[in-house]
Amino acid sequence: MAKQAARKSGKKSSKSRQKTRKPLLNRVGSIVVRACLVVIVLFTALIFLFAFVNPPVTHTIWSEWRRLGSVDRDWVAIEQISPVMARSVVAAEDANFCLHWGFDVEAIRDAIEDGSTRGASTLSQQVVKNVFLWQGRSWVRKALETALTPAVEAIWSKQRIVEVYLNVAEMDEGVFGVQAAAQSYFQVDAQDLTPLQAARIAAVLPAPKTRSASKPTSFVRRRTASIMDGAATIRADGRAACFED
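Residues numbered from 1 in each chain as written. Predicted model: local features only at pLDDT ≥ 70, side-chain atom pairs only at ≥ 80, totals over all residues. Heavy atoms only, no water.

Enquirer: Which parts of the structure should I look at to understand the packing of helix 5 (residues 123-132) against helix 7 (residues 158-168)?
Expert: If you want to describe how two helices pack, look at the angle between their axes and the distance between the axes. As a packed pair, helix 5 and helix 7 sit with axes 10 Å apart at the nearest point and diverge in direction by 50°. Considering their axes alone, helix 5 and helix 7 lie oblique with respect to each other. Relative to helix 7, the crossing made by helix 5 is left-handed. Contact residues: L123, S124, Q126, V127, N130 and V131 in helix 5; I161, V162, V164, Y165 and V168 in helix 7. For the contact of helix 5 with helix 7, the class distribution of residues is eight nonpolar, three polar and no charged. (Axes fitted to C-alpha atoms, helices over the stretch in contact; angles between N-to-C directions. Helix = DSSP H or I, 4+ residues; strand = E, 2+ residues; numbered from the N terminus. Parallel < 35°, antiparallel > 145°, perpendicular 65-115°, else oblique. Left-handed = near helix turned anticlockwise from the far one by under 90°. Contact = heavy atoms within 4.5 Å. Nonpolar A, V, L, I, M, F, W, Y, C, P; charged D, E, K, R; others polar.)

The structure is reproduced here in structure tokens:
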């Protein structure tokens, strides 16, 4: 009798633990779902907002400001940027920008075959990373970037994507945006950049801390020449039409 009572008691306690565990798992699951919904709503709201309002700061700008004590940045509208500057950046970073919806499948395939990740990231992906996320490599950041890029492509115009990129990208150490870079390197405004100067600035990407547009190495000079050719090519074959008036 005592053994039967003990077994019944054990069964009751086991069922009790299971009942307690289920509500706990349900609560945790509910919290996770709500957190995900909040993140989705927040990012969606920011994407809509920044389609019209210029991003006031980015994680990278804030990080460099903390590290250096100050940063140089001066936002200018795309109408105040030399068209050849926009073409140079697109030619350097994402020549098929006007042909894809955020991901360049051919570039990704080529990068995988070459065993490299460089060259597979589109201008749209870089804007998402620069504006909404952080630098560095992690699966979490890459997953968020992959999720947000189609939304940015759907809500923003191609011209807006280029405009934002040209204003938030780091183009020298602590120098963000093409206006600040043009002043820092050549003491001119962004709208007055020549094809050579524009290609030089584009050539420092994506390593502005180790490359210089005003003191170019032989590598930067070769890359500059390649970018000038690329900028002329995408203008001639129509691959610049989506971001030019």
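Enquirer: What is the right way to look at the state of the cysteines in this model?
Expert: Going through the model one piece at a time under the given rule, you end up with one disulfide. The disulfide partner of C98 is C242, and the S-S distance across this bridge is 1.9 Å. Classification of the bridge connecting C98 and C242 rests on its S-S torsion, roughly -80°, and on that basis the disulfide is left-handed. Residue C98 is located in the loop between helix 3 (83-93) and helix 4 (105-114), and its partner C242 is located in the segment after helix 10 (218-236); the two are separated by 144 residues in the primary sequence. (Disulfide = S-S within 2.5 Å.)

Enquirer: What am I meant to see in the nonpolar core here?
Expert: Across soluble globular proteins, nonpolar side chains have a tendency to be buried as a group. M85, F132 and W156 are the most contacted members of the largest nonpolar core, which totals 57 residues. Every element with two or more residues in this core is listed here: helix 1 (2-50), helix 3, helix 5, helix 6 (139-155), helix 7, helix 8 (178-186), helix 9 (195-203) and helix 10. With seven residues, helix 3 is the largest single contributor of residues to this core. In this view, M85 contacts L166, V178, L193, A198, I201 and A202; residues no more than four positions away in its chain are not counted. (Core = buried A, V, L, I, M, F, W, Y, C linked by side-chain atoms within 4.5 Å. Buried < 20%, exposed > 50% of the residue type's maximum accessible area, 1.4 Å probe, protein only.)

Enquirer: Got a minute to help me understand the packing of helix 8 against helix 9 in this structure?
Expert: Two elements in contact, helix 8 and helix 9, have axes separated by 11 Å at closest approach and are oriented at 110°. Relative to helix 9, helix 8 is oriented roughly perpendicular. Across the interface between the two elements, A181, A182, Y185 and F186 of helix 8 pack against Q197, R200 and I201 of helix 9. Across the contact of helix 8 with helix 9, the residue classes break down as five nonpolar, one polar and one charged.

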